[in-house]
Every structure is written in structure tokens, then in C-alpha cells.
Amino acid sequence: MNSTMVRRLTVSIAAATALAGVAACNSSDSSGSSGKGDKAGHKSVTRVSPIAALRSAEKSTDGADSARVESTTTMGTLMSMKSGGVMAWGDGFTGDMTITYTGGTMADTMRQLGSDSMEARYLPDAYYAKMGDAYARQVGGKHWIRYAYDDLAKIGGGSGAFLKEQAQNSSPNQTVKLLLASGDVKKVGEETVRGKRTTHYAGTVDVSDLAARSSHLTEGQLSDMKKQFDQAGITTEDVDIWVDAEDLLAKAVSKAAMATGTLSSTTYYSDYGVKVSAAAPPASDTMDFKDILKTQGLTPGSGDTASGSGTGSPS
């Protein structure tokens, strides 16, 4: 594996692991459940406006603090992946996930390294990806890569800064907020999701406009992000959510057209309130993302670094 491949794979994994965390807790194309008992099929239905119902769901889901998640994500021809684990958001975003690449160029590259899955741990200031032995031999023998959120912002310019902010503030209720902020919300109807009664809501979001209104990015970062979204062909995002009888998010779906295909994500939620004990891996088996780049004469935010940021093949 040559240095270009190491660089591109390392950066692609940074984007993919962050995306998995954001997808699992922010927006996500099938069904899920809250895992809070079996009242969904028996609770009487009170007619309320979609806005009022979503505000109640946003508050309830936010207060649940943690959940078990299952997610599938597709990003054009670059990758498709599935992930599962637990996430907490009561005191910063933390979690422990297993990510499996199921298709695309990322899956091909990972298989060449002897594994198509990895463990990911999320902490408030950084996230960690565990690689296989073949990759470890290329970067000093250590299996874990630490990605600081600040470095993520430097990798991807405006969109990286936005992803950093989304990742550090991830929670399922962010998807509900997304619909509320869009101003375009409708009730689709009552549906059964994994055996439980839910209410389906949907809307369409202008990605750049919403980012400008819901983030703390600077004017320069927003301009850079909009340019990157335009180059990727991303303008709007369709968002669907399913809320159970206890006002907890049961399922979330997001889809957006890109120049290279479709970006879509599906997440199922269960076991709200589950215990989450994510911890940093041993320092002796961990290498910082910045140090990997430095061994190849690169730094986060350089032109060469950005060129491998997961917009093409990592090979």
C-alpha cells in the first residue's frame, strides 16, 4: 500500500466514521422502534398539529439521553455501510459502534486490508477508528486512529466544519429539529414500525439554508460549505421520521441527490436509556490522525489532505 493510498484511506475513514456517528444520531430508509414497552398499539390518538407533535417528540427524545441504534448509509459509489451500537447525548456525544462496509470503493479497499469492518468509539472531543493488522503495519503498528473534531473541520473546509458541529452535537432529536426548522412538515399517516404504532412525518430541507440558520459557522465557512455542496450536487434533503406513542423517535430516513449518486441514511432506535460506557482505547495502541499525515509530509487542511477526503476512490 503506497503513501497516497494510506493518506486517502485515512482521510476517507475519518469522513466515513464521522458520517456513521452523525447518521446514527441525526437522520437516517425502513423501520425502527423506541423499545420503551408495548403501549404504542393501545395509546389513544389525540389530534394535534404536526408542529406541536414534533416539538413534543423533540423534547421527549432529547430527554431520553441514550439509545441503541442500527443504521445503514449509502454515499454514491464511494461507500455503503451498516453500523450498530449504542449512543448517548445527555452530557456530550459518546458512543460505541461497529461499522461494516458493504459496498463501494471503500469496501473494496478495506477487503484488500483483510477486513471490511471496524470498531468506532465516539467521545466529546474526538472519535477513534480501529483498523486491521495490515493497515497498522503501514502506520507504526498501532491499530487505533484518533480523529480530533477540530482536525475534521480542517480536512473538509466549510463542510468539514459543519460536520464537526453536527458530530459533536449529535442526538436523535436533531432530526426532529431539522424538520421543525425546515418550515415544510406534513403528517403522512399512522404506520406500524417493527410491531409498534407510529406517526410518520416528512419534509424537505434546503441544505445550505438550514446550515446557515442552525449552525455557528462563520460567513467564510458557510460560503465554502455551500460551494462544496454545489460541487457535490447536493441542494435539498428529504427527511422522514416516525414517532412512537411515547413521543420518542422510532425511525429516521434522509435522502439527497449527489453528482455521483444518492446519499441516503436509515436509522432504527431502541432501548432508550441504555447504559453507554465509551472510553478512549489504550494510548500505546493509538496513533493520532495528524501524526499519520505528518509522516507523509502533510498537515490537516492542506490541499493534498483535502484531495483525499472521501470524494473519490481511496485507492
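Residues numbered from 1 in each chain as written. Predicted model: local features only at pLDDT ≥ 70, side-chain atom pairs only at ≥ 80, totals over all residues. Heavy atoms only, no water.

A. Examining the overall build of the protein more closely. Check the secondary structure of the protein and you find ten helices and twelve strands. In the protein, buried positions account for 52% of the 315 residues. In the form shown here, the protein has an accessible surface area of approximately 13300 Å², with 46% of it arising from carbon and sulfur atoms. (Helix = DSSP H or I, 4+ residues; strand = E, 2+ residues; numbered from the N terminus. Buried < 20%, exposed > 50% of the residue type's maximum accessible area, 1.4 Å probe, protein only. Areas by Shrake-Rupley, 256 points an atom, 1.4 Å probe, with all protein chains shown as cover.)

B. Examining helix 2 (residues 50–64) more closely. Compared with an ideal rise of 1.5 Å per residue, which puts 15 residues at 21 Å, helix 2 spans 21 Å between its outermost C-alpha atoms and is within 8% of the ideal. Every buried residue of helix 2 is accounted for by Ala53, Leu54, Ala57, Glu58, Thr61 and Ala64. Viewed along the axis of helix 2, the buried residues span an arc of 140 degrees, placing them on a single side of the element. Across from the buried face of helix 2, at angles greater than 90 degrees, the exposed residues are Arg55, Lys59 and Gly63. Looking at the buried residues of helix 2, the elements they touch are strand 1 (66–75), helix 6 (173–182), strand 8 (196–206), strand 9 (236–244) and strand 10 (249–258). Just downstream of helix 2, Asp65 is the residue with a positive phi angle, here 75 degrees. (Expected span 1.5 Å × (residues − 1). Arc of directions from axis to C-beta. Contact = heavy atoms within 4.5 Å.)

C. The arrangement of the packing of aromatic side chains in detail. Inspection of every chain in the model, using the stated rule, returns six aromatic pairs. Aromatic pair Tyr147 and Phe289: ring centres 5.1 Å apart, planes at 40 degrees, arrangement tilted. Of this pair, Tyr147 sits in strand 6 (residues 144–148) while Phe289 sits in helix 9 (residues 289–294); the two residues are 142 residues apart in sequence, bridging distant segments of the chain. Take Tyr147: its relative accessible area is 1%, and that puts it in the buried class. Take Phe289: its relative accessible area is 0%, and that puts it in the buried class. Through a chain of ring-to-ring contacts, three or more aromatic side chains come together here, namely Phe93, Tyr122, Tyr127, Tyr147, Tyr149 and Phe289. It is Arg194 that lies over the ring of Tyr268; its NZ or CZ is 4.1 Å from the centre. Positioned over the ring face of Trp242 is Lys251, at 3.3 Å from the centre of the ring. (Phe/Tyr/Trp six-rings, centres within 6.5 Å; stacked < 30°, edge-to-face > 60°. Lys NZ or Arg CZ within 6 Å of the ring centre and 35° of its normal.)

D. Structural detail: the packing of helix 2 against helix 6. Contact geometry for helix 2 and helix 6: axes closest at 8 Å, N-to-C directions at 155 degrees. In terms of orientation, helix 2 and helix 6 fall into the roughly antiparallel class. Of the two possible hands of crossing, helix 2 and helix 6 adopt the one that is left-handed. Contacts between helix 2 and helix 6 involve Ile51, Leu54, Arg55, Glu58, Thr61 and Asp62 from the first element and Asn173, Val176, Lys177, Leu179 and Leu180 from the second. (Axes fitted to C-alpha atoms, helices over the stretch in contact; angles between N-to-C directions. Parallel < 35°, antiparallel > 145°, perpendicular 65-115°, else oblique. Left-handed = near helix turned anticlockwise from the far one by under 90°.)

E. Just the confidence of the model for the protein, in detail. Scored by pLDDT, the protein has a mean of 74; 64% of the residues are at 70 or more. Across the protein, strand 7 (residues 186–193) holds the top mean pLDDT of 94, while helix 10 (residues 303–306) sits lowest at 47. Note that residues 1–7 has pLDDT below 50 and, in this model, 21 contacts with residues that lie over four places away or in other chains. Per-residue pLDDT stays below 50 along residues 27–47; that stretch engages in 66 contacts with residues further than four places along the chain or on separate chains. (pLDDT = per-residue confidence, 0-100.)

F. How the structure looks around the pairing of strand 1. As paired elements, strand 1 and strand 2 (residues 79–88) share ten bridges and run antiparallel to each other. What sits directly across from Met75, in strand 2, is Met79. Where strand 1 folds back onto strand 2 in an antiparallel hairpin, the turn is made up of three residues, including Gly76, whose phi is positive at roughly 55 degrees. By the bridge criterion, eight bridges tie strand 1 to strand 11 (residues 261–270) in an arrangement that is antiparallel. Residue Thr73 lies in a different strand from strand 11, and its bridge partner there is Ser265. (Pairing = 2+ DSSP bridges.)

G. Local environment of helix 6. When we look at burial in helix 6, the residues that qualify are Asn173, Thr175, Val176, Leu178, Leu179 and Ser182. At the C-terminal side of helix 6, Gly183 shows a positive phi close to 75 degrees.

H. Here's a closer look at the side chain of Thr61. Residue placement: Thr61 occurs in helix 2. Among residues more than four places away in sequence, those in contact with Thr61 are Trp89, Pro172, Asn173, Asp247, Leu248, Leu249 and Tyr272.

I. Geometry of the environment of Gly103. Among the secondary structure elements, Gly103 is positioned in strand 3 (residues 94–103). Along the chain, Gly103 and Asp116 lie 13 residues apart, while their C-alpha atoms are 9.5 Å from each other.

J. Broad picture of unusual backbone geometry. The phi angle at Asp247 is positive, at roughly 65 degrees, despite the residue not being glycine. Locating Asp247 in the fold gives a position in the loop between strand 9 and strand 10. Not every positive phi belongs to a glycine, and Asp271 is a case in point at roughly 50 degrees. Among the structural elements, Asp271 can be located in the loop between strand 11 and strand 12 (286–288).

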